[in-house]
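Inside the fold
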Amino acid sequence: MFLDISWMSFVIVGLGTLFMVGELLVNMRGLSAFLGFGFIAIYFLNYLEPGMFIIMLIIYLIGLLLIIIDGKVINDGTLATIGALCMIFSVGFSSPNWTAGLYAISGVIIGGVSSLFFLKVFPKRKMWGKLALLDQLTEEKGYSTMNKTYKSLIGHEGVTLTDMHPVGTVRINQQDYSAVSNGQWIEKNKAIVVKQVDGTKILVEPIYNKK
């Protein structure tokens, strides 16, 4: 069969994984899953007897299921990693030689990564909002890119507790913070004012008319 050419394993497995994972990322109404399953089935059928075909296909699909569970429930990447390893194991173990196996494993990796391009074309599935940080974190959605406590410090005066060159510790409103100067060396016990805050990064400047 045509899969006797080792590099074809890369093409078939790559396309299969591309469409299967792509169906998880975006809403293609099952078309992508159908195509992906077809390519993967061709790969396993070419190399395996019916009994092993079913086992390896199940392992591959279990890998996809673990990725789904991670995306919908866990959201820490652990099950997704195990799932990816299951997919890699199934195609690698099914190959007739190490060359075809390497091509097949490469197909899983490249196909999985390439599926991310579907996100630029098709509507994404909501379950990946938290895992992949696909939902933009904006003020309108109740998020803030800047810690509000730190943001409120802008314009407040304080004093350096350590020499700053340019990083050091300052005291503002009876609270101690790590801060940075704008490339300036500021001595200990010097008056400073908060000029800018970026997240929890505090930028201060010296107040020259105060000690």
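Our structure's up above, just so we're on the same page.
Residues numbered from 1 in each chain as written. Predicted model: local features only at pLDDT ≥ 70, side-chain atom pairs only at ≥ 80, totals over all residues. Heavy atoms only, no water.

Take the environment of Ile-40 next. Within the fold, Ile-40 resides in helix H2 (residues 31-47). C-alpha separation for the pair Ile-40 and Leu-57, spaced 17 residues apart in sequence, amounts to 7.9 Å. Beyond its immediate chain neighbours, meaning those up to four positions away, Ile-40 contacts Val-13, Gly-16, Thr-17, Leu-57 and Tyr-60. (Helix = DSSP H or I, 4+ residues; strand = E, 2+ residues; numbered from the N terminus. Contact = heavy atoms within 4.5 Å.)

Another point: the nonpolar core. Judged by nonpolar contacts, the single largest core of 29 residues is most densely connected at Tyr-43, Phe-44, Tyr-60, Leu-64, Met-87 and Val-91. Going through the elements one at a time, helix H1 (7-25), H2, helix H3 (50-74), helix H4 (78-94) and helix H5 (98-114) are the ones with two or more residues in this core. By residue number, the principal contributor to this core is H1, which donates eight residues. Of all hydrophobic cores here, the second largest spans twelve residues; its members include Leu-153, Tyr-177, Ala-179 and Ile-202. (Core = buried A, V, L, I, M, F, W, Y, C linked by side-chain atoms within 4.5 Å. Buried < 20%, exposed > 50% of the residue type's maximum accessible area, 1.4 Å probe, protein only.)

The next subject is the sheet that holds strand S2 (residues 167-172). Here five strands make up a closed barrel; going around it, the order is S1-S2-S3-S5-S4 and the pairing mixed. Neighbouring strand axes in the sheet, compared pairwise and without regard to direction, differ in orientation by 55° on average. (Pairing = 2+ DSSP bridges. Axes fitted to C-alpha atoms, helices over the stretch in contact; angles between N-to-C directions.)

This paragraph deals with unusual backbone geometry. Of note, the bond from His-165 into Pro-166 is cis; its omega dihedral lies within 30 degrees of zero at -10°. One can find Pro-166 in the loop between strand S1 (157-160) and S2. Its identity is not glycine, yet Gln-174 carries a phi of approximately 70°, on the positive side. Relative to the helices and strands, Gln-174 resides in the loop between S2 and strand S3 (175-181).

It is worth spelling out the packing of H1 against H5 at this point. Running from N to C, H1 and H5 point in directions that differ by 30°, and their axes come no closer than 7 Å. As far as their axial angle goes, H5 and H1 are roughly parallel. Between H1 and H5 lies a crossing whose hand is right-handed. Facing Trp-7, Ser-9, Phe-10, Val-13, Gly-14, Thr-17, Leu-18 and Val-21 of H1, the residues of H5 in contact are Ala-100, Tyr-103, Ala-104, Ser-106, Gly-107, Val-108, Ile-110, Gly-111, Gly-112 and Ser-114. Per-class residue counts for the contact of H1 with H5 are ten nonpolar, eight polar and no charged. (Parallel < 35°, antiparallel > 145°, perpendicular 65-115°, else oblique. Left-handed = near helix turned anticlockwise from the far one by under 90°. Nonpolar A, V, L, I, M, F, W, Y, C, P; charged D, E, K, R; others polar.)

Now for the pairing of strand S4 (residues 191-198). In the sheet, S1 pairs with S4 via three bridges, with the strands oriented antiparallel. Across the sheet, the residue bridging to Gly-158 is Ile-192, located in S4. Hairpin connection from S4 to strand S5 (residues 201-206): two residues lie between these consecutive antiparallel strands, with Gly-199 at a positive phi of about 70°.

Where H1 contacts H2, the two axes come as close as 7 Å, and the packing angle between them is 150°. As H1 runs across H2, the sense of the crossing is left-handed. Taking contact as the criterion, the partners of Ser-9, Ile-12, Val-13, Leu-15, Gly-16, Thr-17, Phe-19, Met-20, Gly-22 and Glu-23 in H1 are, on H2, Leu-31, Ser-32, Ala-33, Leu-35, Gly-36, Phe-37, Phe-39, Ile-40, Tyr-43 and Tyr-47. Broken down by class, the residue content of the contact of H1 with H2 amounts to 13 nonpolar, six polar and one charged.

The end-to-end C-alpha separation of H1 is 27 Å, in line with the 27 Å expected for 19 residues at 1.5 Å each. For H1, the tally of buried residues reaches 15 of 19 residues, placing the bulk of the element in the interior. (Expected span 1.5 Å × (residues − 1).)

Now for the packing of aromatic side chains. According to the stated counting rule, one finds seven aromatic pairs in the structure shown. Ring centres 5.5 Å apart and planes at 65° place the aromatic pair Tyr-43 and Phe-44 in the edge-to-face group. Note on accessibility: Tyr-43 and Phe-44 belong to one class, buried. On the basis of an interplanar angle of 75° and a centroid distance of 5.4 Å, the ring pair of Tyr-150 and Tyr-177 is categorised as edge-to-face. Here Tyr-150, found in helix H6 (residues 148-151), pairs with Tyr-177, found in strand S3; they are 27 residues apart in sequence, far enough to count as distant. Classification of Tyr-150 as partly exposed rests on a relative accessible area of 22%. Three or more aromatic residues joined by ring pairs make a cluster, and in this case those are Tyr-43, Phe-44, Tyr-47 and Tyr-60. (Phe/Tyr/Trp six-rings, centres within 6.5 Å; stacked < 30°, edge-to-face > 60°.)

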